Amino acid sequence: MTQVTLFSCSYCGAVPRELAVAQGMDIPAEVHVVEFPCISRVQSDVVLAAFEAGADGVLLVGCEEGNCHHQGGNARASRRFQAMQDFLEQIGLGRGRLALWQTGLGQPSQFRTHVNEFVQHITELGQSPLKSGGSAGD
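Residues numbered from 1 in each chain as written. Predicted model: local features only at pLDDT ≥ 70, side-chain atom pairs only at ≥ 80, totals over all residues. Heavy atoms only, no water.

S.K.: Looking at this model, I keep getting lost on the environment of Pro108. Mind explaining?
M.R.: Mapped onto the secondary structure, Pro108 falls in helix H4 (residues 108-125). Apart from residues no more than four positions distant in its own chain, Pro108 is found in contact with Pro16, Leu19, Ala20, Gln23 and Met25. (Helix = DSSP H or I, 4+ residues; strand = E, 2+ residues; numbered from the N terminus. Contact = heavy atoms within 4.5 Å.)

S.K.: Looking at this structure, how should I read the environment of Ala14?
M.R.: Along the polypeptide, Ala14 turns up in helix H1 (residues 14-22). On the basis of relative accessible area, Ala14 is assigned to the buried category, the value being 1%. Setting aside anything within four residues of it in sequence, one finds Ala14 in contact with Ser8, Cys9 and Glu35. (Buried < 20%, exposed > 50% of the residue type's maximum accessible area, 1.4 Å probe, protein only.)

S.K.: Quick question: what am I supposed to make of H1 here?
M.R.: Each turn of an α-helix holds 3.6 residues, which means side chains three or four residues apart point in the same direction. Turning to H1, its buried residues are Ala14, Pro16, Arg17 and Ala20. Tucked into the core, H1 has its buried residues touching strand S1 (4-9), strand S2 (31-36), strand S4 (98-103) and H4. One or two residues past the end of H1 sits Gly24, with phi positive at roughly 85 degrees.

S.K.: Honestly, the environment of Phe7 in this entry has me stumped. Any pointers?
M.R.: Counting through the fold element by element, Phe7 comes out in strand S1. The buried category is assigned to Phe7, whose relative accessible area is 4%. In sequence terms Phe7 and Gln107 are 100 residues apart; their C-alpha atoms lie 17 Å from each other.

S.K.: Quick question: what am I supposed to make of the pattern of salt bridges here?
M.R.: Two side chains bearing opposite charge may form a pair once their charged atoms approach each other closely. On inspection of all chains with the given rule, the structure shows three salt bridges. Residues Arg17 and Glu35 are paired through a salt bridge, measuring 2.9 Å at the closest nitrogen-oxygen approach. Here the residue Arg17 occupies a position in helix H1, and Glu35 occupies one in strand S2, the gap between them amounting to 18 residues. According to the relative accessible area criterion, Glu35 is partly exposed, its value standing at 40%. Its salt-bridge partner being Lys131, residue Asp56 comes within 3.0 Å of it at the nearest N-O pair. With Asp56 in the loop between helix H2 (44-52) and strand S3 (57-63) and Lys131 in the segment after H4, the pair connects residues that are 75 residues apart, well separated along the chain. (Salt bridge = Lys/Arg side-chain N within 4 Å of Asp/Glu carboxyl O.)

S.K.: What am I meant to see in the side chain of Gln85 here?
M.R.: Along the chain, Gln85 falls in helix H3 (residues 73-90). Within the local environment of Gln85, its side chain forms a polar contact with the backbone oxygen of Arg95, the two atoms lying 3.1 Å apart. (Polar contact = N/O pair within 3.5 Å; in protein donor to acceptor, adjacent residues only side chain to side chain.)

S.K.: Looking at this model, I keep getting lost on the side chain of Arg17. Mind explaining?
M.R.: Taking relative accessible area as the criterion, Arg17 reaches 12% and is therefore assigned buried. For Arg17, the contacting residues outside a window of four places in its chain are Ser8, Ile27, Val33, Glu35 and Phe111.

S.K.: Would you take a moment to explain the nonpolar core for this structure?
M.R.: Among the nonpolar cores identified, the biggest contains 20 residues, and Phe7, Ile39, Val42, Val47, Val58, Leu60 and Leu98 are the most heavily contacted of them. Mapped onto this core, the elements with two or more residues apiece are S1, H2, S3, H3 and S4. Setting aside residues up to four positions removed in sequence, Val47 forms contacts with Phe7, Val42, Val58, Met84 and Leu98. Core analysis: the next-biggest nonpolar cluster, separate from the first, contains twelve residues, Val31, Val61, Val115 and Phe118 among them. (Core = buried A, V, L, I, M, F, W, Y, C linked by side-chain atoms within 4.5 Å.)

Shown next, in the form of structure tokens:
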């Protein structure tokens, strides 16, 4: 079964998720949510640890550009995301296993749609190379 780790900020990531659930929209069972005060707190080692722990994909969900509660944390996260994608490509996991979605507070249906689309994308990619008995870069 596909496993996705979703790192969410406690504002624009958590509120749409909570609204979606409150409105009866299910979050896929393959998604494990970890909440952070700000998506900029998700360092590269945390993303790599998620893959090492069995994630096939990692989705970062934070505040939309220009609307961060932590004074530009989403801009820092966006820059780090680009570097992490490059690194994942270099080590053989691939850029497509990591995604960033920056959203506003009142978007529960978009949240569910985006999460479902990412889970489908990861399902199509298949298991992480780390799960197939090899290591990234093999």
